[in-house]
Every structure is written in structure tokens, then in C-alpha cells.
Amino acid sequence: MGVFWGYVATLAVYFCIYNIFAFGLNIQFGYAGILDFTVITFMAIGGYFAGVAVLGPAQRGTEIYYIFGWSLPWPVALVIGAVAAGLLGFVIGLIALRRLRSDYLAIVTLASGSIVYGIINNDNKIFDGGAGLVGVSQPFGSHISTNPNTYSEFFLIICFVLMVGCWLFANRLYSSPLGRAMRAIREDVDVAEAYGKNSFKIRMTAMVIGCMMVGIGGALTIAYVTALSPAGWTTGETFVIWAALIVGGRGNNWGAVVGSFLVAVLFNEATRFLPNIPGHPNMISDIRNMAIGGLVILTLWFREQGVIPERKAKFMEIPLRATRAKPGLLAVSASGSDNA
Amino acid sequence: MPDTDTGRTSPSYNSATSEASLGSAVSADSSPTPTGTLLKADTLVRHFGGVAAVDGCSFEISRNTITGLIGPNGAGKTTTVNLISGAIRPGSGHVIFDGDDVTGFAPHRLAAKGLIRTFQISREYKSMTVLENLMASPRNQAGEKLFNVFFRSGAYKAEERRHLERSLEVLDDFGLYAKRNDYAGNLSGGQKRLLELARAVMAEPKLLLLDEPMAGINPALVDKVTEHIIAMRDTLGVTFLVVEHNLEVVERMCDHVIAMALGSTLATGTMAQLRANQAVVTAYLTGGEA
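Not measured: the values here are computed from a predicted model.

*Asks:* What am I meant to see in the side chain of A:Arg183 here?
*Replies:* With respect to the helices and strands, the residue A:Arg183 is situated in helix 7 (residues 177–187). Judged by its relative accessible area of 4%, A:Arg183 is buried. Polar side-chain contacts of A:Arg183 include one of 2.4 Å to the side chain of B:Glu132. Residues within four places of A:Arg183 in sequence aside, it is in contact with A:Tyr31, A:Tyr174, A:Glu310, B:Met128 and B:Glu132.

This is the structure we're talking about:
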């Protein structure tokens, strides 16, 4: 029983983490229309900062170098990871959100992500370069059990609680007037500006919140895997999260959940457990990427809005006051329809 | 839930006594003084490359009036609207709005002060509902502050309810009540134009800039939009600057008309006065080159 449930728990952990990524991207893209083509960078920053906050100081003579090394308790590290990702999002937002729209904004995020990747991969003094961080202790690992299967089940609880927190946060934001203003900006930034919405400030809010959420996902990832290196967050990983959101349905957090399950769990993670074909070591991962690509194309072709499309905003049904005075001082003509 | 739709598709305006349901929501600042200058454009200049699109354009708009801005194609009308609304900055000159120098302000800052514009083509928020389009329009909503959303939801619940009631009434006034839960992108061209005006009502503007509100709509609807604009001035105290090519419409609704040609103000007055003005007539016939 242990092994099977451990396996299920592992997949469930990834499912929860991908949900958090997808919520974060949904706030950026689904709500505010920001084409963040470097989502995975914020996951990495969240993970690295949480990692170096948990790790002890780098030891001299081990050829392993990283900054900080504060030996902090894990919950604090989680916050540090989220804040670090949010700060990077803020800096990239300063460049990308002030003047740029859609495709140009996407290019800037992609380029910024490449710069961050290049720096972290090549400078081995920050997060130990290409080798990455290893040996990050698992949260409460010493108190729980050394059995990895049991631990997965415990860690799943942490992930699930955080995921539910992000879910509630994201939905509250969506249904608030702020979320509505974000969607107005997504629909037409000029009009929203003409109606007094400060599009830079509001999009920056979405950017930073989204990045912090993705950072939380990153902190969970490094805590679970206990290691993170640049090979684990290449540009391709960004598009797995994008694929999840597009297949599931942008603008709808249920869509994000369904997309995460289909793309991130079913297609991405589950196939990692398939046996390798002898003589073709990369076959499985190539097939996986092709399958995800095909799924995105099929979605855009047949169900552009995703499996669970964005829902219409619901408002309380208030009857027009029966005693409503003059049908309105603005009422002009009795013909309600026009044939324009 | 009782169906509130019944009989609303074609609203019948028959109830009598005034409870001033609409007037009550109009803020006190919409027209404290019905006279005086609300907007002053002072020798605005804007070049695009070597072309002076607007070249020394000056005029004033009085409160509580509908001012028309006319002129042949290429006269610089849309550029002038863009300069006033902050979409682009003037090379030189000043815009004074409600007593403040607002030259070069970003559109959202001007909107916050009560200067709202519409665009030449209808630009509704397509994948939001008609009702949501209106709900998104009031200025300075308390619920658009992140802190309030998560820690002080009480700060905007009442406001939200007020906006909702008002939105429904405004939709009723514009004959769009039955469409309130449709996506705005699915409205007809004429309905979209009405939605633009309805949205503007929700923003309670002091000055509303309309860029060719009658472009591409049928004559019956032109009449309807005209009446809505006049009603907004009379009951809500909104001041208008309307760029329009349809001179009959301009004559019918505008208190005051500014004629532009080649980027500057050619003449001002009532439409009747301008019709008799030789320079204006020549400009229309020749584009102003003569």
C-alpha cells in the first residue's frame, strides 16, 4: 500500500503545485491580459530564495557556493521565496508594463527571463550556477518520518492548504471591483484608461500577485524535491503552465484546475513514470512535449475558450424599482430595439 | 428569483410621479455653476513628422452646453480630441480643465477629474456582460483598492450595491435592460453605441468628449442618440464636446459650434452663423486650402 499511495500523493503534490502556478498565471493573463512568457522564472526565484533561506551557510572548501544560508524555519523561507518572486515581478513590470502592450510585453518578459536564467546559470556564486542547490531539508522532515511515501502524504496536506488559500485569494480578487477593472484593462486598455483606471498600477498589481503565487509554488517545489537547478526551469517549462491555462480555460480558476490536471499531471508528470524505450532515452519526454503541443492546438481549434470557459459575471438580481419614477430622465424613445 | 425581465424588452415609460431615481445618484459636483468655462484649449500645437495636424487651435467650452467640433477631413478634429483627453501630448499650448492646467495629463488622471472620452468606433469590453461594462465605469471605486478587497470589504459593499442599482436604471433608460447579461461583444452596432453613452453616464463625467457618435448608425438611431445626449446635458448637467460630420445633427443639438480647418480654429458660433460664414463654407468645399 505504501508505495502506491506514495505515488498517488506525489502526483497530487505536483497537481497542487501546478494549480498554484496556473492560478498565478491566470491572475496575470486571464484577469489582466499580461502575456507573461517567463512564468517559470518566478517559480525558480521563489524556489531558490526559499532554498537559501532554509539551507545553512555555504561551507568553505566544498566548492558549493550560494548566497544567504540563513537556516530559517520553512514557513519563513516560504514567505521569503514569495516576496523575492514578487520583487522580480515588480522590476520586470517596471520595464514591461509602463508602455508596452501584448506582443512587445511578451517579448520583454521572455527576454528578462532569459537574462535571469543566464545570470543564475553562469554565476556559480549566487545559487551554485548550473549545479543548483541540493540538500534543502524538507519542511518538518525531521519530525515526520524518513519514509518518502509517508512524507509525500504529509507534504500533500501542506500543498493542499496553500493551494486552497491561493484559490480563495484568486477568486475573491476575480469577483471584486479590482478584478473587474483588471478585466476591463484586458479587454481594452485605452478605454479603461479613458474611464480613469490607472492601467499601469492595476496591471502591476496583477503582475506582482501572480508572481508571488508562482513563487509560493516554487518554494513548495524545492521543499519537496530538495533540489533545484537551471535544468529544471528552462523556457519550455513556462509553456507547460501556459498550456495548462489555455487548455483548461483562461479567466476561470476551475479551468486552471482542469488544465493543470490534464496537462501538468496526466501529460507531463504521469508520463515521467513510463519506462524508457531502450536506445531512445529522450523518446518519452519528446512524445510528452508533442502531446502537450497537440492538446493546445486541438483546444485552440475546437474550443478556443478552453475546457471550462470564463463565466459571465453574475450580479444580484435586483428588480427595477416597481415605483420607478419617470422611466428615467434619460429615457427618450419607446422603441427599445434598433435595427442598426 | 422572480423574472424581472417581463415586459422590459420594449420599455414602456408610463409611470408618473417623480422619485428622482436618476437624479438622486447624480453627484452634487456635476454642475454647481451652470455657466462659466469648463474647458479651455489654448493655442494647441501638435506635429506628426513634418505635418502640423493641429496648429494653434484655441477655444473655450462653457459648462452645461453641447459644443460641436466640425471641419473637413484632415482639419485636426480627432487630434484635438486626443490632445485634450491626454491620449497624446501637445507640442505646445495648454489645456485648462475645470480651473486646472491639465496639459499632458495621462488619460486616467483626466478621467479621475471628470473628463471622459469615447472613441470613433465603439469599443465596448467585448467579453464582459453589458451590465459589467457599466459596473466597471464609475470613477474612483473603493473596491478597486487591493487593501479594501481583502481587508475592508465593508468599504465597498454599499457602493457596489448602489452602482448596481444605478447601472440597471441606466440600462433601462437606454433600452438595454433586457440585454444586461449578454456579452457586450454580441450587441448590434447601434446598441453598442448606446452602451457607450450608458457607460459614460455611469462615470458621471463633467465633460464628455464624443468622437463621431453618429458614424455608421441609421437615421432612427441618430435621433435617439441625439435625444440621449440632450437629456444628459439637461438632467445630469454633463457638458459635451462632440466631433461630428452630420451637420444637421450638429445644428439640432449643439449650443455652440467650433469650425476647424488646417489644424486651427476657423470660426465659432451657432451652426446658423457658421453656415453664413464664407470662410467656413469655403473650407468645407476646398478642405481649407484656398
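Now, onward.
*Asks:* Looking at this structure, how should I read the state of the cysteines?
*Replies:* Here, disulfide denotes a covalent bond that connects the sulfur atoms of two cysteines. All names here are of chain A. Under the defined criterion, the tally for this structure stands at 0 disulfides over all chains. Here Cys 16 stays unpaired: no disulfide links it, and the sulfur of Cys 159, its closest cysteine neighbor, is 5.7 Å away. According to the relative accessible area criterion, Cys 16 is buried, its value standing at 4%.

*Asks:* Explain the sheet that holds strand 8 (residues 239–243) of chain B to me, please; I cannot follow it from the model alone.
*Replies:* Pairing between sheet strands relies on hydrogen bonds along the backbone, with the strands arranged either parallel or antiparallel. All names here are of chain B. Ordered by their spatial adjacency, 6 strands build an open sheet running 6-7-8-3-9-10, and the pairing between neighbours is mixed. Each edge of the open sheet is held by one strand with a lone partner, namely strand 6 (115–117) and strand 10 (264–269). Averaged over all neighbouring strand pairs, the angle between strand axes comes to 20°, with direction disregarded. Inspection of the sheet shows strand 3 (residues 66–70) paired to strand 9 (residues 256–261) by 4 bridges, in the parallel sense. Bridge pairing in strand 9 places Gly 68 opposite Val 257. Those strands touched by helix 2 (residues 77–85) are strand 3, strand 6, strand 7 (207–211), strand 8 and strand 9, and its axis lies near 140° from that of strand 6.

*Asks:* Explain the nonpolar core here, please?
*Replies:* Nonpolar side chains tend toward joint burial in soluble globular proteins. By size, the foremost hydrophobic cluster in this structure holds 166 residues, and its most contacted members are A:Leu133, A:Phe155, A:Leu220, A:Trp233, B:Phe174, B:Ile229 and B:Phe240. Considering every element that reaches this core, the biggest residue donor is helix 9 (residues 199–225) of chain A, with 16 residues. Inspection of this core shows a minimum of three residues originating in each of domain 1 (33–123 + 204–286) and domain 2 (125–186) of chain B. Contact partners of A:Phe155, with chain neighbours within four places excluded, come to A:Val13, A:Pro139, A:Leu220, A:Ala223 and A:Tyr224.

*Asks:* What's the story with helix 1 (residues 2–31) of chain A in this structure? I'm lost.
*Replies:* Given 3.6 residues per turn, any residue in an α-helix points the same way as the ones three and four places further on. Residues and elements named next belong to chain A. The end-to-end C-alpha distance of helix 1, which contains 30 residues, comes to 41 Å, matching closely the 44 Å that a straight helix rising 1.5 Å per residue would cover. Remark: the principal bend of helix 1, roughly 35°, maps to Leu 25. With respect to burial, helix 1 is a largely interior element, 24 of its 30 residues being buried. Downstream of helix 1 by a residue or two, Gly 33 has a phi angle that is positive, lying close to 75°.

*Asks:* Help me understand the confidence of the model for chain A in this model?
*Replies:* It should be kept in mind that the predicted coordinates are not to be read in detail where pLDDT is low. Here chain A shows a mean pLDDT of 87. Residues at 70 or above account for 91%. Under a pLDDT of 50 for its full length, residues 333–340 of chain A has, in the predicted model, 22 contacts with residues more than four places off or in other chains.

*Asks:* Mind showing me how you'd approach the confidence of the model for chain B here?
*Replies:* All names here are of chain B. Confidence in the prediction for chain B averages 85 pLDDT; 87% of positions are at 70 or higher. Predicted confidence in chain B is weakest over helix 1 (residues 21–25), with a mean pLDDT of 39, and strongest over helix 4 (residues 130–135), with 96. Taken as a whole, residues 1–33 scores under 50 in pLDDT and shows 65 contacts with residues more than four places along the chain or in a different chain.

*Asks:* Is there a simple way to explain the packing of helix 10 (residues 235–248) of chain A against helix 12 (residues 283–302) of chain A in this structure?
*Replies:* Packed helix pairs are characterised by how far apart their axes lie and by the angle those axes make with each other. Residue and element names in this part refer to chain A. Close contact between helix 10 and helix 12 brings their axes to 10 Å; oriented N to C, the two are set at 30°. When the interaxial angle is binned, helix 10 and helix 12 end up roughly parallel. When the axes of helix 10 and helix 12 are compared, the crossing they make is left-handed. On helix 12, the residues touching Val 240, Ala 243, Ile 246 and Val 247 of helix 10 are Ile 292, Leu 295, Val 296, Thr 299 and Leu 300.

*Asks:* Where do I start with the environment of B:Val54 in this structure?
*Replies:* All names here are of chain B. By the secondary structure assignment, Val 54 is in strand 2 (residues 51–62). Sequence separation of Val 54 and Thr 43 is 11 residues, and the distance between their C-alpha atoms is 9.1 Å. Ignoring sequence-local partners within four residues, the contact set of Val 54 consists of Leu 44, Val 45, Arg 46, Gly 76, Thr 79, Thr 80, Leu 83 and Gly 263.

*Asks:* I keep staring at a nonpolar patch on the surface and nothing clicks. Help me out?
*Replies:* A cluster of nonpolar side chains, A:Phe4, A:Trp5, A:Tyr7 and A:Val8, forms an exposed patch at the surface whose accessible area comes to about 370 Å². Among the secondary structure elements, A:Tyr7 is positioned in helix 1.

*Asks:* Hey, could you run me through the pairing of strand 10 of chain B in this one?
*Replies:* For a regular strand, the rule is simple: side chains alternate between the two faces of the sheet. All names here are of chain B. Strand direction decides the pairing type here: strand 9 and strand 10, joined by 5 bridges, are antiparallel. Across the sheet, Ala 259 pairs through a bridge with Ala 267, a residue of strand 10. The hairpin turn running from strand 9 into strand 10, its antiparallel successor, is 2 residues long, and Leu 262 in that turn takes a positive phi close to 50°.

*Asks:* What am I meant to see in the sheet that holds strand 1 (residues 37–48) of chain B here?
*Replies:* Residues and elements named next belong to chain B. Strand order in the open sheet formed by 4 strands is 2-1-4-5, and the pairing between neighbours is antiparallel. Looking at strand neighbours, the two that pair on one side only are strand 2 and strand 5 (100–101), the edges of this open sheet. Where strand 4 (residues 92–97) lies against strand 5, 2 bridges are found, and the strand directions are antiparallel. In the strand pairing of strand 5, Phe 97 is matched with Asp 100. The sheet contacts of helix 2 involve strand 1, strand 2 and strand 4, and relative to strand 2 the element is tilted by about 65°.

*Asks:* I would appreciate a short explanation of the packing of aromatic side chains in the present structure.
*Replies:* The relative placement of two aromatic rings is captured by the distance of their centres and the angle of their planes. Counted under the stated rule, the structure contains 21 aromatic pairs over all chains. With a centroid separation of 5.2 Å and an interplanar angle of 75°, the aromatic rings of A:Phe4 and A:Trp5 are classed as edge-to-face. Overall, A:Trp5 belongs to the partly exposed group, its relative accessible area being 42%. Members of the aromatic cluster, connected to one another through ring pairs, are A:Tyr48, A:Phe49, A:Phe68, A:Trp70, A:Tyr117, A:Phe127 and A:Trp233. Just above the ring of A:Tyr174 sits the side chain of A:Arg183; from NZ or CZ to the centre is 4.0 Å. In this arrangement the basic side chain of B:Arg117 is found over the ring face of B:Phe119, its NZ or CZ atom lying 4.2 Å from the centre.

*Asks:* Honestly, the packing of helix 2 (residues 39–54) of chain A against helix 3 (residues 74–96) of chain A in this entry has me stumped. Any pointers?
*Replies:* Residue and element names in this part refer to chain A. Across the interface, helix 2 lies against helix 3 with an axial gap of 7 Å and an inter-helix angle of 140°. In this structure, helix 2 meets helix 3 at a crossing whose hand is right-handed. Here helix 2 contributes Thr 41, Phe 42, Ile 45, Gly 46, Phe 49, Ala 50, Ala 53 and Val 54 to the contact with helix 3, which in turn contributes Trp 74, Ala 77, Ile 80, Gly 81, Ala 84, Ala 85, Leu 88, Gly 89 and Ile 92. Of the residues assigned to the contact of helix 2 with helix 3, the class counts are 13 nonpolar, 4 polar and no charged.

*Asks:* Looking at this structure, how should I read unusual backbone geometry?
*Replies:* Across residues other than glycine, the phi torsion is negative in most instances, and most of the peptide bonds are trans. Residues and elements named next belong to chain B. Of note in this structure, Thr 43 is not a glycine but carries a positive phi near 40°. Position of Thr 43 among the secondary structure elements: in strand 1. The phi torsion at Leu 262 lies on the positive side, around 50°, for a residue other than glycine. Along the chain, Leu 262 turns up in the loop between strand 9 and strand 10. Looking at Leu 262, the relative accessible area reads 44%, which means it is partly exposed.

Basis of the calculations
- Residues numbered from 1 in each chain as written.
- Chains lettered and ligands numbered in written order.
- Predicted model: local features only at pLDDT ≥ 70, side-chain atom pairs only at ≥ 80, totals over all residues.
- Heavy atoms only, no water.
- Helix = DSSP H or I, 4+ residues; strand = E, 2+ residues; numbered from the N terminus.
- Buried < 20%, exposed > 50% of the residue type's maximum accessible area, 1.4 Å probe, protein only.
- Polar contact = N/O pair within 3.5 Å; in protein donor to acceptor, adjacent residues only side chain to side chain.
- Contact = heavy atoms within 4.5 Å.
- Disulfide = S-S within 2.5 Å.
- Pairing = 2+ DSSP bridges.
- Axes fitted to C-alpha atoms, helices over the stretch in contact; angles between N-to-C directions.
- Core = buried A, V, L, I, M, F, W, Y, C linked by side-chain atoms within 4.5 Å.
- Domains from an automatic or database assignment.
- Expected span 1.5 Å × (residues − 1).
- Bend = angle between axes of the 7 residues up to and from the residue.
- pLDDT = per-residue confidence, 0-100.
- Parallel < 35°, antiparallel > 145°, perpendicular 65-115°, else oblique.
- Left-handed = near helix turned anticlockwise from the far one by under 90°.
- Patch = residues over 30% accessible without salt bridge, like charges linked within 9 Å, V, L, I, M, F, W, Y side chains within 5 Å.
- Areas by Shrake-Rupley, 256 points an atom, 1.4 Å probe, with all protein chains shown as cover.
- Salt bridge = Lys/Arg side-chain N within 4 Å of Asp/Glu carboxyl O.
- Phe/Tyr/Trp six-rings, centres within 6.5 Å; stacked < 30°, edge-to-face > 60°.
- Lys NZ or Arg CZ within 6 Å of the ring centre and 35° of its normal.
- Nonpolar A, V, L, I, M, F, W, Y, C, P; charged D, E, K, R; others polar.

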